Number of protein chains: 4
Amino acid sequence: MDRGRLEAFTDGVFAVAITLLALDLSVAGPGHGSLVNQLSQHWPQFVAYLISFLTIGIIWVNHHALVRNIARVDRVLLFLNLFLLLFVVLIPFATATMASYLAQPGHDSHVAMALYAGVFEGMAITFSALFAWTLKEGRTHRPVPPQARRTAAGRFVAGNVPYLVAIGVAFVSPAVSLGLIGAVALYYVFENTPVISPADAVPETRPRT
Amino acid sequence: MDRGRLEAFTDGVFAVAITLLALDLSVAGPGHGSLVNQLSQHWPQFVAYLISFLTIGIIWVNHHALVRNIARVDRVLLFLNLFLLLFVVLIPFATATMASYLAQPGHDSHVAMALYAGVFEGMAITFSALFAWTLKEGRTHRPVPPQARRTAAGRFVAGNVPYLVAIGVAFVSPAVSLGLIGAVALYYVFENTPVISPADAVPETRPRT
Amino acid sequence: MDRGRLEAFTDGVFAVAITLLALDLSVAGPGHGSLVNQLSQHWPQFVAYLISFLTIGIIWVNHHALVRNIARVDRVLLFLNLFLLLFVVLIPFATATMASYLAQPGHDSHVAMALYAGVFEGMAITFSALFAWTLKEGRTHRPVPPQARRTAAGRFVAGNVPYLVAIGVAFVSPAVSLGLIGAVALYYVFENTPVISPADAVPETRPRT
Amino acid sequence: MDRGRLEAFTDGVFAVAITLLALDLSVAGPGHGSLVNQLSQHWPQFVAYLISFLTIGIIWVNHHALVRNIARVDRVLLFLNLFLLLFVVLIPFATATMASYLAQPGHDSHVAMALYAGVFEGMAITFSALFAWTLKEGRTHRPVPPQARRTAAGRFVAGNVPYLVAIGVAFVSPAVSLGLIGAVALYYVFENTPVISPADAVPETRPRT
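Residues numbered from 1 in each chain as written. Chains lettered and ligands numbered in written order. Predicted model: local features only at pLDDT ≥ 70, side-chain atom pairs only at ≥ 80, totals over all residues. Heavy atoms only, no water.

## Overview of the overall build of chain A
Point 1. Along the backbone of chain A there are 8 helices and 0 strands.
Point 2. In sequence order, the secondary structure elements of chain A are arranged as α-α-α-α-α-α-α-α.
Point 3. Going through the 209 residues of chain A one by one, you find that 59% of them count as buried.
Point 4. A fraction of 81% describes how many contacts in chain A between residues 6 or more apart in sequence connect residues 24 or more apart. (Helix = DSSP H or I, 4+ residues; strand = E, 2+ residues; numbered from the N terminus. Buried < 20%, exposed > 50% of the residue type's maximum accessible area, 1.4 Å probe, protein only. Contact = heavy atoms within 4.5 Å.)

Below, the structure written as structure tokens:
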């Protein structure tokens, strides 16, 4: 089966989700204080937008790297991918909720940050499940050697741990938790290696389409 | 005619509809009770999101399986597909309406659930019409043998009956009706055979793109 | 230049616009009268949804037929297409405005219906401009013979006149104007020939991708 | 690596962003004064819609021209593209904010217009970074000769300067600033050469896909 349609649908969901993030950025308009004040009071929305945008973007880049090495698309892959998208689609909601509580001290800001980190953890887990599926024999264009598997598995753990930690830290300090999630995003933007990708761990031996 | 653009447009509509589902998940924000309470009171929204997301996802997977066996795209197919999309696009509205009445006992919750099940039934009927169209001679890449037709027709009935039953049950118990629709979604996620697909009912005999 | 990306972007805009139509279908929810009453009072929204959905769908089908015969994509075509999309994107706004005034007798319902018909006329004109562009020598895969040009030009006029008439009729009777626009949509759904398509007016002589 | 998916995701984001522009066009509906008055009072929304739509469209056309000459897609390109999209996604927010303050004299209208021009400048800078990346040896299908580089660099400056000027002018006269941004859009629609594109600056020597 062709993987083109899997990519088209996935790209569509990522594109809509990443664009809906900005729906939360509206200001109340004239008659609600000076615009500079309104924008300043919305700083959590802008920070949240930036972090969520980069994180969705990184997962999209990694999804890209993962899927292009897949030789066979079956129903299990389609549904694993669907579960990944289920969490991606939740990100605008989790981002808006987190941002609206971020500047409010108190228990609710802890819960909102844990929810935010939890949706990212759900995304990381389902992405890891997709990755694990591709490691099975005959599912990739090029075989993945044992060394690359170990590296990839290490990265798999590395990609999941920060969000788990962020969930816990959220109940102590939402700001530190958000900083951690933002640091993960920046790390992967400037780091030149993909989080989880058997395709990139192996030297390319033959041209592909 | 190429079927690529049919798929691209369809994937786009599915992607937007499935992402808009999450627009109904917003909470009122600070000053409206504790966040945990707000999230708890929104449980119908989360349950409805999960069931609608999986159902749209399943129809997308089946659409994928159906269309990739189609050899010829004509105007009739394009309009049958358009009628399917007409119901897919209604799902976020039906989901939001159902969710807002689910926890409210009374006649309205019955009407809201019947509306929800009715939109899914409309989707199932138009999908069946698409399927019936593909069974005509010369419209598929590989011929569909009589045995596969009978199996597929059986599945066609099987795919429509639950939603019809759910419409009736909605007027007795919305909760049971929703449970039925959710059970159908879970069944198709874990069942490894596509609902309706002549392509998968026939052993593959020659490579396709 | 490849026409794939022109189609991908266009399909994306059509898909989002057609799905956003349903955003106007929300009901106020519990505590605002019985759900059946609320849905009944929203009948203009449902009628408007149906007509706008079918009209966008028809233009998409015709766009599909038009573009697949195009051999060369230049900047002029890209911008003509962009102007078509400018009107397509306005349809959800025009639909929501028209629907909110349809059941209110008075001058505003006339203006709202004229606005609705006007956006469709804008779409028809820009589509016609796209079509006229493709008739120039060397821009199509297969040459368009004079007879087919005349037929196509006749259809071009036929596709524009109803919306012009609907704008005028809107100031006499919005209901009749809407009926006319709806009749055009139904006509093209059940009529088996594309509105405007040089590609389909010519017998196919060689296989295409 | 294939550039198809980069284009698909980018086209999806552009398509959603350009369609969301129209979400700001809603009128209050019956009971809020005559519809003609409501539409008249919303003139800043319509002007802003038109200018933002054309500007996003132009950047999409230029992105198209830029990417089709790219021979190799690496992570740096993917992230540069992601930063471009980060600003594209902000355009509906910046447009709505600018439009709501445009007709209100005072300091806030200056800030709103500077924000609007600033988002466009962000888009122009990230687009220029994408362009600079493609000029490195071996990244394009056809080599870009020194003369074409100079022309392209000139255009790069030309594409960034107007938005920088518009930011400054916004604090003197928002109307003049908006006029400048609109003039840039109209210039590129009617000018037949792409803003920044090494591909179009070089005579085509061999067929591409």
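## Brief notes about the interface of chain C and chain D
Point 1. Chain C puts 31 residues into the contact, and the matching count from chain D is 43 residues.
Point 2. Both sides of the chain C and chain D interface together cover about 3100 Å² of buried area, and 75% of this is carbon and sulfur.
Point 3. Of all residues in chain C, Arg5, Phe9 and Arg75 of chain C bury the most surface against chain D, accounting for 27% of the area lost on that side.
Point 4. On the surface where chain C and chain D come into contact, there are 1 salt bridge.
Point 5. Its salt-bridge partner being aspartate 11 of chain D, residue arginine 5 of chain C comes within 2.7 Å of it at the nearest N-O pair.
Point 6. Elements supplying a minimum of two residues to the side of chain C that touches chain D: α1 (4-20), α4 (75-102) and α5 (107-134) of chain C.
Point 7. Among the elements that make up the side of chain C that touches chain D, the one with the highest residue count is α4 of chain C (14 residues). (Buried area = accessible area lost by both parts, 1.4 Å probe. Salt bridge = Lys/Arg side-chain N within 4 Å of Asp/Glu carboxyl O.)

## Digging into the relation of the copies chain C and chain D
Point 1. With an axial shift of 0.0 Å and an RMSD of 0.0 Å, the rotation relating chain C to chain D amounts to 90°. Classification of the inter-copy transformation places it as that of a four-fold axis. For chain C, the smallest separation between a C-alpha atom and the rotation axis is recorded for glycine 12 of chain C, amounting to 4.2 Å. (Least-squares fit on C-alpha atoms with pLDDT ≥ 70 in both.)

## What to know about the interface of chain D and chain A
Point 1. Contact residues are listed per partner, giving 30 residues for chain D and 43 residues for chain A.
Point 2. When chain D packs against chain A, close to 3200 Å² is buried across both sides, 76% of that on carbon and sulfur atoms.
Point 3. The largest per-residue losses of area from chain D upon contact with chain A belong to Arg5, Phe9 and Arg75 of chain D, which jointly make up 27% of the total buried on that side.
Point 4. At the junction of chain D and chain A, the tally comes to 0 salt bridges.
Point 5. Along the contact surface separating chain D from chain A lie 5 residue pairs in polar contact (both at pLDDT 80 or more).
Point 6. Those elements that provide at least two residues to the side of chain D that touches chain A are α1 (4-20), α4 (75-102) and α5 (107-134) of chain D. (Polar contact = N/O pair within 3.5 Å; in protein donor to acceptor, adjacent residues only side chain to side chain.)

## Regarding the relation of the copies chain D and chain A
Point 1. For the pair chain D and chain A, the relating rotation is 90°, the translation along its axis is 0.0 Å, and the fit reaches an RMSD of 0.0 Å.
Point 2. Comparing interface residues between copies, only 10% of those in chain D also sit at the interface in chain A, which points to a heterologous contact through distinct surfaces.

## A short note on the packing of α4 of chain C against helix α3 (residues 43-67) of chain D
Two quantities define a packed helix pair, namely the angle between the axes and the distance from one axis to the other.
Point 1. Interaxial distance between α4 of chain C and α3 of chain D falls to 10 Å at its minimum, and their mutual angle equals 140°. When the axes of α4 of chain C and α3 of chain D are compared, the pair comes out oblique. Classified by chirality, the crossing of α3 of chain D by α4 of chain C is right-handed. Counted together, Arg75, Leu78, Phe79, Leu82, Phe83, Leu85, Leu86, Val89, Leu90 and Phe93 of chain C of α4 of chain C and Phe46, Tyr49, Leu50, Phe53, Leu54, Gly57, Ile58, Trp60, Val61 and Asn62 of chain D of α3 of chain D form the full contact between these two elements.
Point 2. By residue class, the composition of the contact of α4 of chain C with α3 of chain D is 17 nonpolar, 2 polar and 1 charged. (Axes fitted to C-alpha atoms, helices over the stretch in contact; angles between N-to-C directions. Parallel < 35°, antiparallel > 145°, perpendicular 65-115°, else oblique. Left-handed = near helix turned anticlockwise from the far one by under 90°. Nonpolar A, V, L, I, M, F, W, Y, C, P; charged D, E, K, R; others polar.)

## Things to note about the packing of helix α6 (residues 146-170) of chain A against helix α7 (residues 174-190) of chain A
Residue and element names in this part refer to chain A.
Point 1. Their axes nearest at 7 Å, the elements α6 and α7 cross at an angle of 165°. Relative to α7, α6 is oriented roughly antiparallel. Considering how the two elements wind past one another, α6 and α7 form a crossing that is left-handed. From α6, Ala158, Gly159, Pro162, Tyr163, Val165, Ala166, Val169 and Ala170 reach across to α7, where they touch Pro174, Val176, Ser177, Leu180, Ile181, Val184 and Tyr188.

## Quick look at α3 of chain D
Because each turn of an α-helix spans 3.6 residues, side chains separated by three or four positions end up pointing in the same direction.
Point 1. In this model α3 of chain D runs 36 Å from its N-terminal to its C-terminal C-alpha over 25 residues, within 8% of the 36 Å that 1.5 Å per residue would give.
Point 2. Summarising burial for α3 of chain D: 21 of the 25 residues are buried, a large majority. (Expected span 1.5 Å × (residues − 1).)

## Thoughts on the side chain of aspartate 108 of chain D
Point 1. Within the secondary structure, aspartate 108 of chain D is located in helix α5.
Point 2. Buried charged residue aspartate 108 of chain D carries no salt bridge. Nearest counter-charge: arginine 75 of chain C, at 35 Å.
Point 3. Ignoring sequence-local partners within four residues, the contact set of aspartate 108 of chain D consists of Gly33, Ser34 and Leu35 of chain A together with Tyr101 of chain D. (Lys, Arg positive; Asp, Glu negative; His and termini not counted.)

## Here's the deal with helix α4 (residues 75-102) of chain A
All names here are of chain A.
Point 1. Taking 1.5 Å per residue, 28 residues should reach 40 Å; α4 reaches 40 Å between its end C-alpha atoms and fits that length.
Point 2. For α4, the principal kink sits at isoleucine 91 and spans about 35°; a proline, proline 92, occurs within the next four residues.
Point 3. Among the 28 residues in α4, 22 count as buried, and that is most of the element.
Point 4. The N-cap of α4, judged by a side-chain oxygen 3.2 Å from the amide nitrogen of valine 76 a few residues on, is aspartate 74. (Bend = angle between axes of the 7 residues up to and from the residue.)

## Things to note about the environment of valine 184 of chain C
All names here are of chain C.
Point 1. Here valine 184 lies in helix α7 (residues 174-190).
Point 2. Between the alpha carbons of valine 184 and isoleucine 51 there is a distance of 9.4 Å; along the sequence they are 133 residues apart.
Point 3. If we ignore the near neighbours within four places in the chain, the residues touching valine 184 are Pro162 and Tyr163.

## Some words on the packing of aromatic side chains
Point 1. Going through the model one piece at a time under the given rule, you end up with 24 aromatic pairs over all chains.
Point 2. Plain terms: the ring middles of tyrosine 187 of chain C and tyrosine 188 of chain C are 5.1 Å apart, the flat faces sit at 70° to each other, and that makes the pair edge-to-face.
Point 3. Feature note: the residues Tyr116, Phe120 and Tyr163 of chain A constitute an aromatic cluster, connected by ring pairs. (Phe/Tyr/Trp six-rings, centres within 6.5 Å; stacked < 30°, edge-to-face > 60°.)

## Quick notes on the confidence of the model for chain A
Residue and element names in this part refer to chain A.
Point 1. Looking at chain A, pLDDT values average 84 and 89% of them are 70 or higher.
Point 2. Predicted confidence in chain A is weakest over helix α8 (residues 198-201), with a mean pLDDT of 41, and strongest over α4, with 94.
Point 3. Confidence drops under pLDDT 50 across residues 194-209; counting only partners more than four residues distant or on other chains, this segment forms 43 contacts.
Point 4. Across the interface, the model reports ipTM at 0.85; the global pTM reads 0.89. (pLDDT = per-residue confidence, 0-100.)

## A few points about the layout of surface pockets
Point 1. Reported here for the second largest pocket is a volume of approximately 910 Å³.
Point 2. When residues of the lining of the second largest pocket are traced back to their parent elements, those giving at least two are α4 of chain A, α1 (4-20) of chain B, α4 of chain C together with α1 of chain D.
Point 3. A per-class count over the lining of the second largest pocket returns 25 nonpolar, 12 polar and 2 charged. (1 Å grid on protein atoms, 1.4 Å probe; cavity = no way out; pocket = protein on both sides within 12 Å on 5 of 7 lines; lining within 4 Å. Points joined across faces, edges and corners; volume = space filled by probe spheres on them.)

## A look at the environment of alanine 166 of chain B
Residues and elements named next belong to chain B.
Point 1. Residue position: alanine 166 is located in helix α6 (residues 146-170).
Point 2. Residue alanine 166 is classed as buried on the basis of its relative accessible area of 0%.
Point 3. In sequence terms alanine 166 and methionine 98 are 68 residues apart; their C-alpha atoms lie 13 Å from each other.
Point 4. With residues near it in sequence (within four places) discarded, alanine 166 still touches Ala117, Ser177, Leu180 and Ile181.

## Considerations on a nonpolar patch on the surface
Point 1. On the surface, Leu23 of chain A, Leu23 of chain B, Leu23 of chain C together with Leu23 of chain D cluster together into a nonpolar patch covering about 310 Å² of accessible area.
Point 2. The residue leucine 23 of chain D is located in the loop between α1 and α2 (35-41) in this model. (Patch = residues over 30% accessible without salt bridge, like charges linked within 9 Å, V, L, I, M, F, W, Y side chains within 5 Å. Areas by Shrake-Rupley, 256 points an atom, 1.4 Å probe, with all protein chains shown as cover.)

## Remarks on the environment of isoleucine 125 of chain A
Point 1. Among the secondary structure elements, isoleucine 125 of chain A is positioned in helix α5 (residues 107-135).
Point 2. The spatial distance from the C-alpha of isoleucine 125 of chain A to the C-alpha of tyrosine 187 of chain A is 19 Å, given a sequence separation of 62 residues.

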